[in-house]
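Observations on the three-dimensional arrangement
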Amino acid sequence: MRIFNIILILFISVNSFSADRLFVKADSLFQENNIDEAISLYQEILDKNMESSELYYNIGICYFQIEEFKKSKSYFQKSLVLNPKSAIVKDRISQCNLKLNKKEPPKLFYTIW
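To start, this report covers the structure provided alongside it. For every chain, the first residue of the written sequence is number 1, and numbering continues from 1 along that sequence. Thresholds applied to this predicted model are a pLDDT of at least 70 for local features of residues and 80 or more for the giving and counting of side-chain atom pairs; totals over whole chains, interfaces and linings are not thresholded and use all residues. For the side-chain quantities, the full set of heavy atoms in the structure was used; hydrogens and water were omitted.

Some details on the packing of aromatic side chains
A pair of aromatic rings is counted whenever rings of Phe, Tyr or Trp (Trp by its six-membered ring) have centres within 6.5 Å, and the orientation is called stacked for planes under 30 degrees apart, edge-to-face for over 60 and tilted otherwise. Counted by the stated rule, this structure contains 5 aromatic pairs. Seen in terms of ring centroids, Tyr57 and Phe76 are 5.5 Å apart; in terms of plane orientation they differ by 45 degrees. Their pairing is tilted. Placement of Tyr57 in helix α3 (residues 53-65) and of Phe76 in helix α4 (residues 69-82) is noted, with a sequence separation of 19 residues between them. On the basis of relative accessible area, Tyr57 is assigned to the buried category, the value being 16%. For each residue, the accessible area found with a 1.4 Å probe, counting protein chains only, is set against the maximum for its type, and the residue is called buried under 20%, exposed over 50%, and partly exposed in between. A relative accessible area of 0% means that Phe76 is categorised as buried. Taken together, Tyr56, Tyr63 and Tyr75 form an aromatic cluster joined through their ring pairs. The aromatic ring of Tyr75 is capped on one face by Lys78, whose charged end is 4.9 Å from the ring centroid. Each helix corresponds to a stretch of at least 4 residues labelled H or I by DSSP, and each strand to a stretch of at least 2 residues labelled E; elements are numbered beginning at the N terminus. Whether a charge sits over a ring comes down to the Lys NZ or Arg CZ being within 6 Å of the ring centre and within 35 degrees of the ring normal.

Comments concerning α4
Spanning 14 residues, α4 covers 20 Å between terminal C-alpha atoms, matching the ideal 20 Å at 1.5 Å per step. Listing the buried residues of α4 in full gives Phe69, Ser72, Tyr75, Phe76 and Ser79. Down the axis of α4, the smallest arc covering the buried residues is 125 degrees, so these residues share one side. Turned more than 90 degrees off the buried face of α4, the exposed positions are Lys70 and Val81. Whether two residues touch is decided by their heavy atoms; if any such pair falls within 4.5 Å, the residues are in contact. Among the structural elements, α2 (35-47), α3 and α5 (87-100) are those in contact with the buried residues of α4. Take the number of residues in a helix, subtract one, and multiply by 1.5 Å to get its expected span. Arc definition: directions from the helix axis to the C-beta atoms.

A few points about unusual backbone geometry
In the Ramachandran plot, Asn33 falls in the positive-phi region, its phi being about 70 degrees despite a non-glycine side chain. Its place among the elements puts Asn33 in the loop between α1 (2-31) and α2. A residue is classified by how much of its surface remains accessible, and Asn33, at 58% relative accessible area, is exposed. Located in the positive-phi region is Asn49, a residue other than glycine, with phi close to 60 degrees. For Asn49, the location among the structural elements is in the loop between α2 and α3. On the basis of relative accessible area, Asn49 is assigned to the exposed category, the value being 73%.

So yeah, pure geometry; function would need other evidence.
Structure follows, in structure tokens:
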């Protein structure tokens, strides 16, 4: 039983360490403007059942950069659930709402007429 516990602890540690490396690599890809690759690495971390407010926030930023505001907003909301006091996430959600509700300005009546 002891050997099983040690193996389990080692497996969890290695899995966590690999997720940290993926997170750092995804951040560097984002900095290099490789948004699609960064998103796929962030998704890989989520596939390993690891989540954090920062992870969801970073995915939201990636989608915001490629102007997919609905997806961006949903990831910001997930980040806000994990960290409800984050003012920057609330601001990003507001920005997404502005982008999603952006309408064409009304035309002046005399230009239509």
